[in-house]
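# Descriptive structure summary
Here are the chains, one letter per residue:
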Amino acid sequence: MNSVPQSSAQTFSVADYLGWPDDERWELIDGVPYNMSPAPSIKHQNVVITIAAKLKAALKGKPCKPFIAPVDVILSEHDVVQPDLLVVCNPEKIGEKAIHGAPDLVVEVLSPSTALKDMREKKALYERAGVREYVVIDPLENYVQRFFLGADGRYANADVFGVDEDLPLLSLPELILPLAEVFEL
């Protein structure tokens with residue numbers, strides 16, 4: 001078994017990542033390992049499960065499939081992430097143990113320990129990989145930022161939604177998330 005990296009001076013590949021211990025959660029962005037510890041807060045998990053339930057119900061019987069972490073999303077030879085929630089509409093991307101390629105929708109719920117990475121490294125990675133819609137939820141401040149991939153392959157400025165608004169998902173037009181329910185307010 002390969003050991004887990006001790007420093008980020010070296011770049012790693014998906015092959016390296018797949019050899020790391022199963023009892024630890026890591027992500028690999030541009031070959032740099034990021035430890036997924038500590039576990040998220042209860043509020044974070046409540047937001048995730050609320051959205052997951054709405055996605056599961058709305059997508060029942062449709063080709064798009066929702067997933068929750070931990071599930072590996074392999075975006076390149078040096079990029080493996082585990083988004084909080086994702087939706088894949090192309091069944092060819094769904095493997096037995098991982099998603100291979102860009103999901104249609106990625107939702108990250110911010111935690112204090114990972115917020116900067118989610119807003120900087122992961123946003124840049126998702127844009128580069130072609131994730132159509134990237135939704136970032138702040139469960140402490142109760143707002144949402146939504147990025148959508150334009151025709152130029154780049155995210156425009158974020159659309160921002162408050163707790164009293166509904167969040168329409170552009171990649172899933174049939175789904176609108178009432179944010180008061182998402183934040184349980």
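A few points on the structure. Owing to the predicted nature of the structure, the values given are computational and were not obtained by experimental measurement.

On to the overall build of the protein chain. Check the secondary structure of the protein chain and you find 4 helices and 13 strands. The C-alpha radius of gyration computed for the protein chain amounts to 16 Å, which stays within 12% of the reference 16 Å derived for 185 residues, consistent with globular compactness. Dimensions of the protein chain along its principal axes, counting C-alpha atoms only, are 45 × 35 × 30 Å. Burial statistics for the protein chain: of 185 residues in total, 45% are counted as buried. Long-range contacts, defined here as pairs at least 24 residues apart, represent 50% of the contacts in the protein chain between residues at least 6 apart. Counting only carbon and sulfur atoms, one obtains 53% of the accessible surface of the protein chain, whose full area is about 9,400 Å². Here the protein chain carries 17 positive and 28 negative side-chain charges, and the mean point of each set is 4 Å from the other.

With that settled, consider the state of the cysteines. Formally, a disulfide is one covalent bond, and it connects the sulfur atom of one cysteine to the sulfur atom of another. In total, this model carries 1 disulfide according to the counting rule given. Between the sulfur of Cys-64 and that of Cys-89 lies a disulfide, 1.9 Å long from S to S. Sign of the S-S torsion, about 105° for the bond between Cys-64 and Cys-89, identifies this disulfide as right-handed. With a gap of 25 residues between them, Cys-64 in the loop between helix H2 (42–59) and strand S3 (65–68) and Cys-89 in the loop between strand S6 (85–88) and strand S7 (98–100) connect regions that are remote in the sequence. We classify Cys-64 as buried; its relative accessible area is 12%.

All right, on to the pattern of salt bridges then. By the definition in use, this model includes 10 salt bridges. Notably, a salt bridge pairs Glu-27 with Lys-117, separated by 2.6 Å at the nearest N-O pair. Taken together, the positions of Glu-27 in strand S1 (residues 26–29) and Lys-117 in helix H3 (residues 115–129) put the pair 90 residues apart, joining distant regions of the chain. Under the relative-accessibility criterion, Glu-27 is labelled buried at 0%. In this structure, the salt-bridge partner of Glu-121 is Arg-120, at a minimum N-O distance of 3.2 Å.

Turning to the side chain of Thr-50, a few remarks are in order. Structurally, Thr-50 is set in helix H2. Leave out the neighbours within four places in its chain, and Thr-50 touches Glu-181, Val-182 and Glu-184.

Before going further, it helps to spend a moment on the sheet that holds strand S10 (residues 143–148). Spatially, S3-S6-S8-S9-S10-S11 is the arrangement adopted by the 6 strands of the open sheet, whose pairing is mixed. Two strands lie at the open edges of the sheet, namely S3 and strand S11 (159–162), each paired on one side alone. Here the strands of the sheet are splayed against their neighbours by 15° on average, with no regard to which way each runs. Here 6 bridges tie strand S9 (residues 133–138) to S10, and the two strands are oriented antiparallel to one another. Residue pairing across strands places Ile-137 opposite Val-144, the latter belonging to S10. Packed on one face of the sheet, H2 meets S3, S6, strand S8 (105–109) and S9 and runs near 20° to S6.

Core analysis: the biggest nonpolar cluster contains 24 residues, and Ile-51, Leu-55, Ile-137, Leu-169 and Leu-172 have the highest contact counts within it. Listed by contribution, the elements that provide at least two residues to this core are H2, S6, S8, S9 and helix H4 (179–182). Broken down by element, the residue count for this core peaks at 6 residues, all from H2. With residues near it in sequence (within four places) discarded, Leu-169 still touches Leu-55, Leu-105, Glu-133, Val-135, Leu-175 and Leu-177.

Turning our attention to H2. In an α-helix, one full turn covers 3.6 residues, which means residues spaced three or four apart are oriented alike. If you check H2, its first and last C-alpha atoms are 25 Å apart, about what 18 residues at 1.5 Å a residue would give, namely 26 Å. If you check which residues of H2 are buried, you get His-44, Val-47, Val-48, Thr-50, Ile-51, Ala-52, Leu-55 and Leu-59. Those residues of H2 that are buried are in contact with S3, S6, S8, S9, strand S13 (176–178) and H4. Gly-61, located one to two residues past H2, shows a positive phi value of around 80°.

Rules of the game
Residues numbered from 1 in each chain as written. Predicted model: local features only at pLDDT ≥ 70, side-chain atom pairs only at ≥ 80, totals over all residues. Heavy atoms only, no water. Helix = DSSP H or I, 4+ residues; strand = E, 2+ residues; numbered from the N terminus. Rg over C-alpha atoms; globule rule 2.2 N^0.38 Å. Buried < 20%, exposed > 50% of the residue type's maximum accessible area, 1.4 Å probe, protein only. Contact = heavy atoms within 4.5 Å. Areas by Shrake-Rupley, 256 points an atom, 1.4 Å probe, with all protein chains shown as cover. Lys, Arg positive; Asp, Glu negative; His and termini not counted. Charge placed at Lys NZ, Arg CZ, Asp CG, Glu CD. Disulfide = S-S within 2.5 Å. Salt bridge = Lys/Arg side-chain N within 4 Å of Asp/Glu carboxyl O. Pairing = 2+ DSSP bridges. Axes fitted to C-alpha atoms, helices over the stretch in contact; angles between N-to-C directions. Core = buried A, V, L, I, M, F, W, Y, C linked by side-chain atoms within 4.5 Å. Expected span 1.5 Å × (residues − 1).

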